[in-house]
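Chain and residue survey
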Amino acid sequence: MFSRTSHLARRLNIKHFSSNQGDHSKERGSWSIGRSLLRGAKYVVVSGGVILATASIYRYYVFKAEINKRMSIENNTIVYWKLNQHSITETKPNIHQLWDVVGNRSLNSITFLELLKYLKMIEEDNRVTGLYLDLSTGIKQTSLGFAQLQELYVRIQMLKQAKRSNPLTKDFKAIAFTDTFNSQAHYYLATAFDEIHMEQTGSLPLTGFSSSQPFFKTLLTKLGLEVQAHAEGDYKSMISPMTKDEWPKKQLENMMNLFSSLNTQLKTRISHFRNDQNVKDRINPTELETISLPNNGLASVQDIMHLAPISAVESLQQKLVTHISYKRNFIPIDDKFTNAAGNRVMELRKYKQTRCEELEKEKSTTLPLIAIVYLVGTITRGDNVNQAGAISKALLTAAHDKNVVGIVLRVDSGGGDAIASDSIWETVHHISKELKKPVVASYGNVSASGGVYASSACDRILCSPGTITGSIGVAQIKPIIPEETLKSYGINMNEIHFSEGSKNSSFLRKLEGVYWERLKIQSQNMYNLFKKRVADGRNLDLDYIQSVAQGQVWTGVQARENKLVDKLGGFDEAIVEVKKLALQNALAEAETIVFPKRLSWWEQLVDAGNPDKVASYMKGIISVMIQSTRSDFETKSSADLKMELDQDVVLK
């Protein structure tokens, strides 16, 4: 029994042992298979990684080659300028940079001077054989003013002339096209080009310059409010919207004279474009029935303005456009960046980026510097951006820079605070007369009143034909809220004063008697000093300045006739004047640099820890937002309720 049991046990053990051995064999087999699968997986992963890395590297180089192709400037390139891709501003202050970063617009914002430089690059680049301007809708009304448009017109004409005198680019094409014109400002810019194409259903709102000015005297009276104001000069119109129900006769005559000059310039430019065109055989005779202009013949520009807006067919018949066609003929249509005609097309923003990089590499010598300092917007006291303290500091920094040979003071201001204007004037006078560095003023769309005052010490003054300038005069205005008015609204006022001066500063009291006379004497003294500054700067006698002052507003053409500016010309011409004065050579090479140097957006954020700077930045943001609402070829008056040098006409 025992032996059987042992034998059975041995057999069972053997079987058990055999079973375990089989399990272990299976386990060894499973591990072997697992290891094989793991090795295979590793191989797959490694191989996949290698393939993925190789594909990524390949794709990177393909992408890089594609980018390089896009960013390369080839022979026979046509630069494509889409107006709404760039926010064009006179200057780009620090707040603009910070605001652009927040709004993701930093790459699309350029200054007017930068735009002029890019057009100059195109002029000097033999690889560029054409310039296309896309004015298609979706573009907001341009922020470019009439004087800026005139500067661009001159720049484009110089570009075309230079290209066509060069055997390599003698067939240069300058074409503007649109589906329809949003504004006559866009159309004016288009007249700088050889051809203007508009789609058949488009229209042209050619209405000319106009002005709408509200007057608030009656409203203020109904509200129980008063305004106490005084102006030196019968034409100083700043106070009229608050104190009159309509323009006084002399001011109305001055306004009519101003707008007549602006409209004459506009009509003359359009007439020149029409005289250069030949539209024979471009009009479908069956479409002539839709034309409502007199006798289906060429009407005067003034007659066209009476009937505006006019259709595309009427525009073609009247030689205002050269072709009725669609923009698909001009824009890039494939990955090779060619248009329907097979031309290589490159966007302006890509061209300028590539060309700037090329020029930076080609740069071998250090050129003399011409500083650009901006006086833009309402002139105010303070040290923040665009205030008198910051502008004076920028002028002095530029003047003491040994590499700077001269300064262009670019003015686009309707005036402002008298004290701030005088501070800037003194800085310019010091630089010109004591430091002996030439300062040339370049007037933009507007340089009036305080703008004229601040720049009157410049060695030369230039402006465009359509610049709004003059308004040499002084105006003071004080709002009055009578106690009776406050009481009618349930407001009772108690005041504590220890002097008559304190009483007279109250918004509850009008100036009377000797105090009103003192204000008028102070205004007269300020006006006399203003005239003396201009007379000394222009080397004219006071009697003559009196005849063109008194608050009268002039266009650039009229200002040149009245000897208030030296010559007509824009930014480019002002830079040439600095070269003449500083380097005795109008053709000398020089580089422009803006003062003050702009802070990076990070520096602005750090600097914004100062509460005063935060307030300044917020004011700047609001200013940018307001500027974006500027209307097309419309002149408005603004009366600020404070005592200052100011002018009332601002072209927008």
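Source: prediction; values computed, not measured.

1. Considering the overall build of the protein
Looking only at helices and strands, the protein has 22 helices and 25 strands in total. A buried classification covers 47% of the 652 residues belonging to the protein. Counting contacts in the protein only where the partners sit at least 6 residues apart, residues at least 24 apart contribute 74% of the total. About 32,700 Å² of surface is accessible on the protein, with carbon and sulfur atoms providing 55% of the total.

2. Some words on the pattern of salt bridges
Inspection of every chain in the model, using the stated rule, returns 28 salt bridges. K510 serves as the salt-bridge partner of E226, at 3.7 Å between the closest nitrogen and oxygen. Pair noted here: E226 is in strand β9 (residues 226-232) and K510 is in the loop between α16 (500-504) and α17 (514-538), with a separation of 284 residues, a long-range link. According to the relative accessible area criterion, K510 is partly exposed, its value standing at 41%. Between D417 and R381 there is a salt bridge, with its nearest N and O atoms 2.9 Å apart.

3. Brief notes about the nonpolar core
The nonpolar side chains of soluble globular proteins are, as a tendency, buried together. With 76 residues, the main nonpolar core has W81, I122, L152 and F181 as its most contacted residues. The element contributing the most residues to this core is helix α3 (residues 112-124), with eight residues. Those residues in contact with W81 that lie beyond four places of it in its chain are H86, I88, L115, L131, Y132, L133, D134, L152, I156, L189 and L348. With 46 residues, the next largest nonpolar core counts L375, A418, I424 and Y527 among its residues.

4. A look at α17
Under the 1.5 Å per step criterion, the end-to-end length of α17 is 36 Å for 25 residues, consistent within 8% with the ideal 36 Å. Here α17 has its buried residues at W516, L519, S523, M526, Y527, F530, K531, R533, V534, A535 and R538. N539 sits one or two positions beyond α17 and adopts a positive phi of about 55 degrees.

5. Examining the packing of aromatic side chains
In total, this model carries nine aromatic pairs according to the counting rule given. For the ring pair F181 and Y187, a centre distance of 5.4 Å and an interplane angle of 90 degrees mean the geometry is edge-to-face. An identical accessibility class is assigned to F181 and Y187; each is buried. For the ring pair F215 and W247, a centre distance of 5.2 Å and an interplane angle of 85 degrees mean the geometry is edge-to-face. With F215 in the loop between β8 (210-211) and α6 (217-222) and W247 in the loop between α7 (240-243) and α8 (249-275), this residue pair connects regions lying 32 residues apart in the sequence.

6. A look at the side chain of E199
For E199, the location among the structural elements is in the loop between β6 (195-198) and β7 (203-204). Despite its burial, E199 pairs with no opposite charge; the closest candidate is K327, at 6.0 Å N-O. Residues within four places of E199 in sequence aside, it is in contact with T178, D179, A312, I324, S325, Y326 and K327.

7. Focus on the packing of α3 against helix α11 (residues 348-362)
Between α3 and α11, whose axes approach to 10 Å, the crossing angle comes to 75 degrees. What the angle tells us is that α3 and α11 run roughly perpendicular. In this structure, α3 uses L115, Y118, M121 and I122 to contact α11, whose residues at the interface are L348, Y351, K352, R355, C356 and L359.

8. Concerning α3
When the terminal C-alpha atoms of α3 are compared, their 19 Å separation across 13 residues agrees well with the 18 Å that a helix rising 1.5 Å per residue should span. Looking at α3, one finds that the buried residues are F112, L113, L115, L116, Y118, L119, M121, I122 and E123.

9. Some details on the environment of H497
Relative to the helices and strands, H497 resides in the loop between α15 (483-488) and α16. According to the relative accessible area criterion, H497 is partly exposed, its value standing at 22%. A distance of 2.7 Å separates polar atoms of two side chains, one belonging to H497 and the other to S502.

10. Section: the sheet that holds strand β1 (residues 77-82)
One open sheet holds the six strands; their spatial order is β11-β6-β5-β4-β1-β12, and the pairing between them is parallel. The open sheet is flanked by β11 (323-324) and β12 (344-347), the only strands paired with a single partner. Pairing geometry for β6 and β11, over two bridges, is parallel. From the neighbouring strand, M198 faces β11, where its bridge partner is I324. In the packing of helix α4 (residues 146-164) onto the sheet, contacts are made with β1, β4 (128-134) and β5 (173-178), and the angle to β5 comes to roughly 140 degrees. Of the strands in this sheet, β1, β4 and β12 are in contact with α11, which crosses β12 at around 80 degrees.

11. Some details on a nonpolar patch on the surface
Among the surface-exposed residues, L219, L223, Y489, I491, M493 and F507 lie close enough to one another that they form a single nonpolar patch of about 550 Å² accessible area. Secondary-structure assignment places F507 in the loop between α16 and α17.

12. Some words on the packing of helix α12 (residues 388-399) against helix α13 (residues 418-434)
Two numbers describe how α12 lies on α13: the axes approach to 9 Å, and their chain directions differ by 5 degrees. Taken together, the axes of α12 and α13 lie roughly parallel to each other. Of the residues in α13, those touching α12 at A388, I391, S392, L395, L396 and A399 are A420, S423, I424, T427, V428, H430 and I431. Residues of the contact of α12 with α13, tallied by class, amount to nine nonpolar, four polar and no charged.

13. A short note on the confidence of the model for the protein
Of the residues in the protein, 74% have a pLDDT of 70 or more, and the chain-wide mean is 82. Long-range and interchain partners of residues 624-652, a stretch whose pLDDT sits below 50, account for 104 contacts in this model, where long-range means more than four residues apart.

14. Observations regarding unusual backbone geometry
Here A308 and P309 are connected by a cis peptide whose omega angle stands at 5 degrees. Phi at N76 takes a positive value of approximately 60 degrees, unusual for a residue other than glycine. Take N76: it is sitting in the loop between α1 (2-71) and β1.

15. What to know about the environment of L159
Tracing the backbone through its elements, the reader meets L159 in helix α4. Judged by its relative accessible area of 0%, L159 falls in the buried class. In this structure the C-alpha to C-alpha distance between L159 and L119, which are 40 residues apart in sequence, comes to 7.3 Å. When residues no more than four places from it in sequence are discounted, the contact partners of L159 are L119, I122, E123 and F172.

16. Some remarks on the pairing of strand β17 (residues 460-463)
For strand β16 (residues 439-448) and β17, the ladder comprises four bridges, and the chain directions are parallel. Paired with A441 across the strands is I461, a residue of β17. Handedness of the crossover is the feature at issue here: the chain leaves β16, passes through helix α14 (residues 450-455), returns alongside β17, and the resulting connection is right-handed. Both β17 and strand β21 (residues 567-568) contribute to a ladder of two bridges, which runs parallel. By the bridge assignment, L462 is partnered in β21 with K567.

17. Structural notes on the environment of T207
Within the secondary structure layout, T207 lies in the loop between β7 and β8. Take T207: its relative accessible area is 44%, and that puts it in the partly exposed class. With 97 residues separating them along the chain, T207 and I304 place their C-alpha atoms 8.1 Å apart.

Parameters and conventions
The residue numbering used here restarts from 1 in each chain and proceeds along that chain's sequence as written. It should be noted that, the model being predicted, local features are given only for residues of pLDDT at least 70 and side-chain atom pairs only at 80 or more, the latter also being counted only at that level, while totals for whole chains, interfaces and linings use all residues. Side-chain metrics rest on all non-hydrogen atoms present in the structure, leaving aside hydrogens and water. Only DSSP runs of H or I with at least four residues qualify as helices, and only runs of E with at least two residues qualify as strands; both kinds are numbered from the N terminus onward. Here the term buried applies to any residue with accessible area under 20% of the maximum for its type, exposed to any over 50%, and partly exposed to those in between, with areas from a 1.4 Å probe on protein chains only. Whether two residues are in contact is decided by their heavy atoms, any of which lying within 4.5 Å being enough. In this description, accessible areas are obtained by the Shrake-Rupley approach with a 1.4 Å probe, and a residue is regarded as covered only by the protein chains that are shown. Here a salt bridge means any side-chain nitrogen of Lys or Arg lying within 4 Å of a carboxyl oxygen belonging to Asp or Glu. By nonpolar core we mean a set of buried residues, namely Ala, Val, Leu, Ile, Met, Phe, Trp, Tyr and Cys, connected to one another through side-chain atoms within 4.5 Å. One less than the number of residues in a helix, times 1.5 Å, gives the span that helix is expected to have. Under the pairing criterion, centres of Phe, Tyr and Trp rings, with the six-membered ring standing for Trp, must be within 6.5 Å; the plane angle then separates stacked pairs below 30 degrees from edge-to-face pairs above 60, leaving the rest tilted. Two residue types count as positive, namely Lys and Arg, and two as negative, namely Asp and Glu; His and chain ends fall outside the count. Every axis in this analysis is a line fitted to C-alpha atoms, fitted for helices over the stretch in contact. Angles between the N-to-C directions lie between 0 and 180 degrees. By definition in this entry, angles of less than 35 degrees are roughly parallel, angles greater than 145 are roughly antiparallel, angles of 65 to 115 are roughly perpendicular, and the rest are oblique. Throughout this description, a polar contact denotes any pair of N or O atoms lying within 3.5 Å of each other; where both atoms belong to protein, one of them has to be capable of donating a hydrogen while the other can accept it, and for residues adjacent in sequence the pair is counted only when both atoms sit in side chains. A pair of strands counts as paired when DSSP detects no fewer than two bridges linking them. Each patch is built from residues that are more than 30% exposed by relative accessible area and take part in no salt bridge. Like charges join if they lie within 9 Å; nonpolar side chains (Val, Leu, Ile, Met, Phe, Trp, Tyr) join within 5 Å. Gly is put with the polar residues, along with every residue not named as nonpolar or charged; the nonpolar set is Ala, Val, Leu, Ile, Met, Phe, Trp, Tyr, Cys and Pro, and the charged set is Asp, Glu, Lys and Arg. pLDDT expresses how confident the predictor is about each individual residue, on a scale running from 0 to 100. Look down the strands so they point away from you; if going from the first strand over the helix to the second traces a clockwise path, that crossover is right-handed.

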